[in-house]
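# Architecture at a glance
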Amino acid sequence: NAGVTQTPKFQVLKTGQSMTLQCAQDMNHNSMYWYRQDPGMGLRLIYYSASEGTTDKGEVPNGYNVSRLNKREFSLRLESAAPSQTSVYFCASGTRSFNEKLFFGSGTQLSVL
Amino acid sequence: KQEVTQIPAALSVPEGENLVLNCSFTDSAIYNLQWFRQDPGKGLTSLLLIQSSQREQTSGRLNASLDKSSGRSTLYIAASQPGDSATYLCAVRKPLNRDDKIIFGKGTRLHILP
């Protein structure tokens, strides 16, 4: 009963390095989301995908790209990491109904030095 | 712009007491409101979802209410236990043109004292 799986759980990068955060869900959900959580800022939406093949910007998309590889997988890429991207990243999925509940992964703690 | 506020940011309560967590939002045009629980180092778990047409939802010792006209929701926890210690976040779903958004509050960190 995996739900939403994120990898890796921890990552340290140097400024300018690139990496991809992976997310997969096994609940056959249509919508998937990437959030970042920072102290004092709460959860902020980076990108979301309402369905397979579509992606849209959220509140803080600069410096990130996403790929909805298929219905199960939604990846987040940092092309050139910056210290301001140090954060905890959460992937979530939902049924894309007006009253959908969101299901979250356990998060990726990313530090950019 | 929709804003979601949770006050207080932190709360400590002796075990066994009943308590209320507050959530307020600036725009009453919402589809629903959800309450989440987040344990340290973990993701969020949905506790209760209240549709815009509903006044309250209950699950076990938890009861969430919604007053859209005043832009407020409360999460009532009965007979609190140390295991209830966590951060509780509320989130509203608001339509924005054709793309609806879920907007989170910053949460209330709850500590139940044994």
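Check the entry above for the structure.
Bear in mind the structure is a predicted one, so any value in this text is a computation, not a measurement. (Residues numbered from 1 in each chain as written. Chains lettered and ligands numbered in written order. Predicted model: local features only at pLDDT ≥ 70, side-chain atom pairs only at ≥ 80, totals over all residues. Heavy atoms only, no water.)

### As for the overall build of chain A
Put simply, the rule reads: Strands are runs of DSSP state E lasting at least two residues, helices are runs of H or I lasting at least four, and both sets are numbered from the N terminus onward. It is over C-alpha atoms that the radius of gyration is taken, and the globule rule equals 2.2 Å times the number of residues to the power 0.38. Type-normalised accessible area, obtained with a 1.4 Å probe on protein chains alone, sets the label of each residue: buried when under 20%, exposed when over 50%, and partly exposed for intermediate values. Whether two residues are in contact is decided by their heavy atoms, any of which lying within 4.5 Å being enough. Residue burial considers only the protein chains on display, and all accessible areas are found by Shrake-Rupley using a 1.4 Å probe. Charge convention: Lys and Arg are scored as positive, Asp and Glu as negative, and His as well as the terminal groups of each chain are ignored. The atom standing in for a charge is NZ when the residue is Lys, CZ when it is Arg, CG when it is Asp and CD when it is Glu.
The secondary structure content of chain A amounts to 0 helices and 11 strands. Each helix and strand of chain A, placed in order from N terminus to C terminus, yields the pattern β-β-β-β-β-β-β-β-β-β-β. Computed over its C-alpha atoms, the radius of gyration of chain A comes to 13 Å, within 12% of the 13 Å expected for a compact globule of 113 residues. Looking at chain A as a whole, 47% of its 113 residues are labelled buried. By sequence separation, contacts in chain A at least 24 residues apart represent 55% of the contacts at least 6 residues apart. Carbon and sulfur atoms provide 51% of the accessible area of chain A, an area that totals close to 5200 Å². Between the centroid of the 11 positive side chains of chain A and the centroid of its 8 negative side chains there is a distance of 3 Å.

### Describing the overall build of chain B
Looking only at helices and strands, chain B has 0 helices and 11 strands in total. Reading chain B from its N end, one meets helices and strands in the order β-β-β-β-β-β-β-β-β-β-β. Taken against the 2.2 N^0.38 rule, which gives 13 Å for 114 residues, the C-alpha radius of gyration of chain B at 14 Å falls within 12% of a compact globule. Along the longest, intermediate and shortest principal axes, the C-alpha atoms of chain B span 45 × 30 × 20 Å. Restricting the contact set of chain B to residue pairs at least 6 apart, pairs at least 24 apart contribute 54%. For chain B, the exposed area adds up to about 5600 Å²; of that, 48% sits on carbon and sulfur atoms.

### Digging into the sheet that holds strand S7 (residues 64–68) of chain A
Residues and elements named next belong to chain A. As a reminder of what qualifies: Strands are labelled as partners when DSSP assigns at least two bridges between them. Angles run from 0 to 180 degrees between N-to-C directions of axes, and those axes are lines fitted to C-alpha atoms, restricted for helices to the stretch in contact.
The 4 strands are arranged S1-S3-S8-S7 in an open sheet whose pairing can be described as antiparallel. The sheet is open, and its two edges are formed by strand S1 (4–7) and S7, each paired on a single side. Neighbour to neighbour, the strand axes of the sheet diverge by 15° on average, direction disregarded. Bridge analysis of strand S3 (residues 19–25) against strand S8 (residues 74–78) gives 3 bridges, and the strand direction is antiparallel. Bridging across to S8, Leu21 finds its partner in Leu76.

### Digging into the interface of chain B and chain A
Quoted interface sizes are often the accessible area lost when the parts come together. How we decide: Note on definitions: buried area is the accessible-area loss of two parts on being combined, 1.4 Å probe, summed for both. One speaks of a salt bridge when a side-chain nitrogen belonging to Lys or Arg is within 4 Å of a carboxyl oxygen belonging to Asp or Glu. Whenever two N or O atoms come within 3.5 Å, that pair is a polar contact, provided that in protein one can donate a hydrogen and the other can accept it, and provided that, for residues adjacent in sequence, both atoms are side-chain atoms.
In this assembly, 21 residues from chain B lie in contact with 21 residues from chain A. In total, about 1800 Å² of surface goes out of reach between chain B and chain A, with carbon and sulfur atoms giving 49% of it. Its largest share of buried area at the contact with chain A, chain B owes to Leu44, Arg93 and Phe104 of chain B, together 24% of the area lost on that side. Counting across the chain B and chain A interface gives 0 salt bridges. Taken together, the links from chain B to chain A amount to 2 residue pairs in polar contact (both at pLDDT 80 or more). At the level of elements, strand S4 (32–38), strand S5 (44–51), strand S9 (86–96) and strand S10 (99–104) of chain B are the ones that each hand at least two residues to the side of chain B that touches chain A.

### So, the state of the cysteines
Working definition of a disulfide: a covalent bond connecting the sulfur atoms of two cysteines. Short version of the rule: Two cysteine sulfur atoms make up a disulfide if the distance between them is within 2.5 Å.
Enumeration over the complete set of coordinates arrives at 2 disulfides over all chains. In this model Cys23 of chain A forms its disulfide with Cys91 of chain A; the gap between the sulfur atoms is 1.9 Å. Given an S-S torsion of about -75°, the disulfide between Cys23 of chain A and Cys91 of chain A has left-handed geometry. Of this pair, Cys23 of chain A sits in strand S3 while Cys91 of chain A is found in strand S9 (residues 87–94), placing the two residues 68 residues apart along the sequence. With its sulfur 2.0 Å from that of its partner, Cys23 of chain B forms a disulfide with Cys90 of chain B. Taking the torsion about the sulfur-sulfur bond, which here is approximately 80°, the covalent link between Cys23 of chain B and Cys90 of chain B counts as right-handed. Within this pair, whereas Cys23 of chain B is found in strand S3 (residues 19–25), its partner Cys90 of chain B is found in strand S9, the two being separated by 67 residues in sequence.

### Some details on the pattern of salt bridges
Oppositely charged side chains are able to pair whenever their charged atoms sit close together. Throughout the structure, instances matching the rule amount to 5 salt bridges over all chains. Among the salt bridges present, the one from Glu79 of chain A reaches Arg77 of chain A, with a minimum N-O distance of 3.1 Å. Residue Glu79 of chain A is classed as partly exposed on the basis of its relative accessible area of 43%. A residue is classified by how much of its surface remains accessible, and Arg77 of chain A, at 29% relative accessible area, is partly exposed. Asp39 of chain B is paired through a salt bridge with Arg37 of chain B; the nearest N and O atoms lie 3.0 Å apart. The network of salt bridges with shared partners includes Arg36, Asp38 and Arg44 of chain A.

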